[in-house]
Amino acid sequence: MASFGWKRKIGEKVSKATSQQFEAEAADDKDLSDSDDANWVHATKRRKEVLLEDCVKRSKQLKDEGASLAENRRYQEAIHKWDEALQLTPEDATLYEMKSQVLMSLHEMFPAVHAAEMAVQRNPRSWDAWQTLGRAQLGLGEIALAIRSFQVSLHIFPMNPEVWKEDLSWARKLHEQQKATKTEALQALPKGKELGQEPIPDYDFESDEIVAVCAAIAEKEKALSAAKTVVIVSASGTVETVTEENCPTTPDETLFIRAR
């Protein structure tokens, strides 16, 4: 009968030199894998940067095309170009500001205010965005808001003569006229009340007083209807007034006319 001994461990016959070579190759493969991962991350980052650069470049091209169209009063086409540019660069405050100007030229004040507000949100330190917002608010009749927007624009750029001499000055003049008009209206209001007809009081037709008055009127009408009179004119021309209760049912030959 054959005898069995302990099995030798796997790799016991592998030489030390072969083992070292295997470990070195494994390390090289790991370094190569790490290098591939780094290259992939770098390539992805670079691809994203190129895409952003293309978007910015295309957006600028559309912005310039829209500006050229706006100068030629082709406002709707200009808005279309700027909307396309906003799809590429939605944080560009200048696009919103230019769009607001064109919308004001089209007398579309509500969209103009909205576009100017978007421009201010994206770049709160843009003095021209605040100026455009003030002009749009002035077009809506929001004079107090327009004055505030012009003041913010001047706070950012104090040396701007256009905002100081034209926009803010005109807004303040309109504000003074508005206050004067309100004052005249308030002063004329009492005179109008004196000359006008007195207002009809608002009676409560279900109150006890009104019900009592109506009942009294009804009783009076009932009494009058019960005592109706008859005018009798005889043939001789005599006129006599009697109640219907005392009136004879059968007139005699002397009766000529009977009238109520």
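Please read all numbers here as calculations on a predicted model, not as lab measurements.

Describing the packing of helix α2 (residues 75-88) against helix α3 (residues 93-105)
Packing of α2 against α3 leaves a shortest axis separation of 10 Å and a crossing angle of 160 degrees. Considering their axes alone, α2 and α3 lie roughly antiparallel with respect to each other. Seen from above, α2 lies across α3 with left-handed handedness. Along the contact surface, α2 presents Tyr 75, Ile 79, Trp 82, Asp 83, Ala 85 and Leu 86, while α3 presents Leu 95, Tyr 96, Met 98, Lys 99, Val 102, Leu 103 and Ser 105. Grouping the constituent residues of the contact of α2 with α3 by class yields 10 nonpolar, 1 polar and 2 charged.

Points about the UniProt feature "repeat: TPR" (unreviewed entry) in the protein chain
Cross-referencing UniProt, the feature "repeat: TPR" (unreviewed entry) maps to residues 59-92 and 127-160 in the present numbering. Taken as a whole, residues 59-92 contains 79% helix and 0% strand, while its terminal C-alpha atoms sit 9 Å from one another. Between the first and last C-alpha atoms of residues 127-160 the distance is 9 Å; the span itself is 79% helix and 0% strand.

Some points on the confidence of the model for the protein chain
Of the residues in the protein chain, 57% have a pLDDT of 70 or more, and the chain-wide mean is 75. Per-element confidence in the protein chain ranges from a low mean pLDDT of 45 for strand β3 (residues 255-259) to a high of 96 for helix α4 (residues 109-122). Every residue in residues 1-12 is under pLDDT 50, and counting partners more than four places away or in other chains gives 1 contact. In the predicted structure, residues 253-260 sits below a pLDDT of 50 and forms 20 contacts with residues beyond four places in sequence or in another chain.

Points about the environment of Tyr 96
Relative to the helices and strands, Tyr 96 resides in helix α3. For Tyr 96, a relative accessible area of 12% gives the class buried. With residues up to four places along the chain from it excluded, the contact list for Tyr 96 reads Leu 86, Pro 90, Ala 115, Met 118, Ala 119 and Arg 122.

Section: α2
With 14 residues, α2 extends 20 Å from end C-alpha to end C-alpha; this agrees with the ideal 20 Å at 1.5 Å per step. Within α2, burial applies to Tyr 75, Ala 78, Ile 79, Trp 82, Ala 85 and Leu 86. Looking down the long axis of α2, one finds its buried residues gathered within 120 degrees of arc, a one-sided arrangement. Opposite the buried face of α2, by more than 90 degrees, sit the exposed residues Gln 76 and Gln 87.

Some thoughts on the pattern of salt bridges
Pairs can form between side chains of opposite charge whenever their charged atoms are close. Tallied over the full model, the rule gives 9 salt bridges. Asp 92 is the salt-bridge partner of Lys 63, the closest N and O atoms lying 3.0 Å from each other. Residue Lys 63 is located in helix α1 (residues 16-71), and its partner Asp 92 is located in the loop between α2 and α3; the two are separated by 29 residues in the primary sequence. Glu 91 is the partner of Arg 122 in a salt bridge, and the nearest nitrogen-oxygen pair spans 3.9 Å. A residue pair is termed long-range when its members are at least 10 positions apart, and Arg 122 in helix α4 and Glu 91 in the loop between α2 and α3 qualify at 31 residues. The exposure class assigned to Arg 122 is partly exposed, which follows from its relative accessible area of 26%. The structure contains a network of salt bridges with shared partners spanning Arg 135, Glu 162 and Asp 167.

About the thresholds
Residues numbered from 1 in each chain as written. Predicted model: local features only at pLDDT ≥ 70, side-chain atom pairs only at ≥ 80, totals over all residues. Heavy atoms only, no water. Axes fitted to C-alpha atoms, helices over the stretch in contact; angles between N-to-C directions. Helix = DSSP H or I, 4+ residues; strand = E, 2+ residues; numbered from the N terminus. Parallel < 35°, antiparallel > 145°, perpendicular 65-115°, else oblique. Left-handed = near helix turned anticlockwise from the far one by under 90°. Contact = heavy atoms within 4.5 Å. Nonpolar A, V, L, I, M, F, W, Y, C, P; charged D, E, K, R; others polar. UniProt positions renumbered as here; feature names shortened; annotations may be inferred. pLDDT = per-residue confidence, 0-100. Buried < 20%, exposed > 50% of the residue type's maximum accessible area, 1.4 Å probe, protein only. Expected span 1.5 Å × (residues − 1). Arc of directions from axis to C-beta. Salt bridge = Lys/Arg side-chain N within 4 Å of Asp/Glu carboxyl O.

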